[in-house]
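These are the residues of each chain, in order.
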Amino acid sequence: MSWPADYHMHTPLCHHATGMPTEYAARAVALGFTEIGFSDHSPMPKDGFDEWRMEFSRLDDYVASVHQARKDHPQLIIKLALEVDYLPGQEDWIRKLASLHPWDYLIGSVHYISESWAIDSPHQLAEWKKHDPFEVWSRYFDWLTRAVESGLFDIIGHADLPKKFGIYPNRDCTPLFDPFIKAAAKHDVAMELNTAGLRKDCKEIYPSRQIVELAKAHNVAIIFGSDAHAPGEVGMNFTEAVALARSVGYTHCRRFTQRRFEEVPI
């Protein structure tokens, strides 16, 4: 089987992944991939914002490590990218990051719904007990929609991340999903099918089938990502992700080069 590109992989520079990019690339070659992309957590304006992203001073090291993987594995197409946190007010910083290297794509993700709470952090799990889940999901999808509308990103990552720990609102969330999907369609931003959710408490691909169905209904493009934090996670559960995409009617996904895209069959 020919796999779609795995566009979401991390490196040790984010402080919670293991294995150098060349090791991820070697694993991809062994699995039969023809294209992958690295999209490690980008720096924040000030180092020390949290403990799970690279420092700004290491950005050139990150780029060099991806170039080394390309050199070591010339038979594999390897894209250079970033996963960038969207927080309102940081748009100028994101524009600066975008200008520093010839990125192939930028994944926009929301992890924080305030300056201090990363909703997917296991170290801050107790914070959920202080909040109504629907309010958390509402803030999250509001910021995710704003990320799309900012025009700063090519792809939106793991679009229903608040479900990571299996904490769901007791209300219908469709009114939260619709504005996000319609914005993605309007601004032609792709949505990631991220298999890491299958390795978390929610035991489900990010995003849910409902959101993938909505995306297809509005002709939102897709890409695939394992969110690998170790070489052994490269391409993990892509069989299930491709099956989900095809089951709702997708026949193509997007591939990126220097922030430009083309549609390719899946």
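Structure: above.
What comes next is a walk through the structure. Just so it is clear, the structure is predicted and the values come from calculations on it, not from any experiment. Counting of residues starts from 1 at the beginning of each chain's written sequence and follows it residue by residue. Local features are withheld for residues below a pLDDT of 70 in this predicted model, meaning they are given only at 70 or higher, and side-chain atom pairs are given and counted only at 80 or more; totals for whole chains, interfaces and linings count all residues. Excluded from the side-chain calculation are hydrogens and water; included are all heavy atoms of the structure.

1. Structural notes on the nonpolar core
Counted only if it meets this: The set of buried Ala, Val, Leu, Ile, Met, Phe, Trp, Tyr and Cys residues whose side-chain atoms join them within 4.5 Å is what this entry labels a nonpolar core. Working definition: with a 1.4 Å probe on protein chains only, accessible area under 20% of the residue-type maximum means buried, over 50% means exposed, and in between means partly exposed. Runs of H or I in DSSP of at least four residues are treated as helices and runs of E of at least two as strands, each being numbered from the N terminus. Two residues qualify as a contact provided that any one of their heavy atoms is within 4.5 Å of a heavy atom in the partner residue.
Ranked by size, the top nonpolar core spans 85 residues in total, and within it Ile36, Tyr62, Phe141, Phe180, Met191, Phe224 and Tyr250 carry the most contacts. Tallying contributions element by element places helix H4 (residues 133-149) first for this core, with nine residues. Every residue in contact with Tyr62, bar those within four places of it in the chain, is listed here: Thr11, Leu13, Phe38, Ser39, Asp40, Met54, Leu80, Ala81, Leu82 and Trp103. In terms of nonpolar packing, the next biggest core, distinct from the first, is built from 10 residues, Tyr7, Tyr105, Ile223 and Phe256 among them.

2. Comments concerning the pairing of strand S6 (residues 222-225)
Cut-off, in case you're wondering: Paired strands, in this sense, are two strands between which DSSP finds at least two bridges.
By the alternation rule, side chains of S6 split into Ile222 and Phe224 and Ile223 and Gly225, which are all buried. In the sheet, strand S5 (residues 190-194) pairs with S6 via four bridges, with the strands oriented parallel. Along S6, the bridge assignment pairs Met191 with Ile222.

3. Points about the sheet that holds S6
To keep things clear, this is the line we draw: Every axis corresponds to a line fitted to the C-alpha atoms, with the helix fit spanning only the stretch in contact, and the corresponding angles, defined between N-to-C directions, vary from 0 to 180 degrees.
Spatially, the six strands line up as an open sheet ordered S1-S2-S3-S4-S5-S6, and their pairing is parallel. The strands lining the two open edges of the sheet, one partner per strand, are strand S1 (35-41) and S6. Judged from the two bridges that link them, strand S4 (residues 155-156) and S5 form a sheet pairing that is parallel. Within S5, the position partnered with Ile156 by the bridge is Met191. Across the face of the sheet, helix H2 (residues 59-72) comes into contact with S1 and strand S2 (77-85) while running at roughly 155 degrees to S2.

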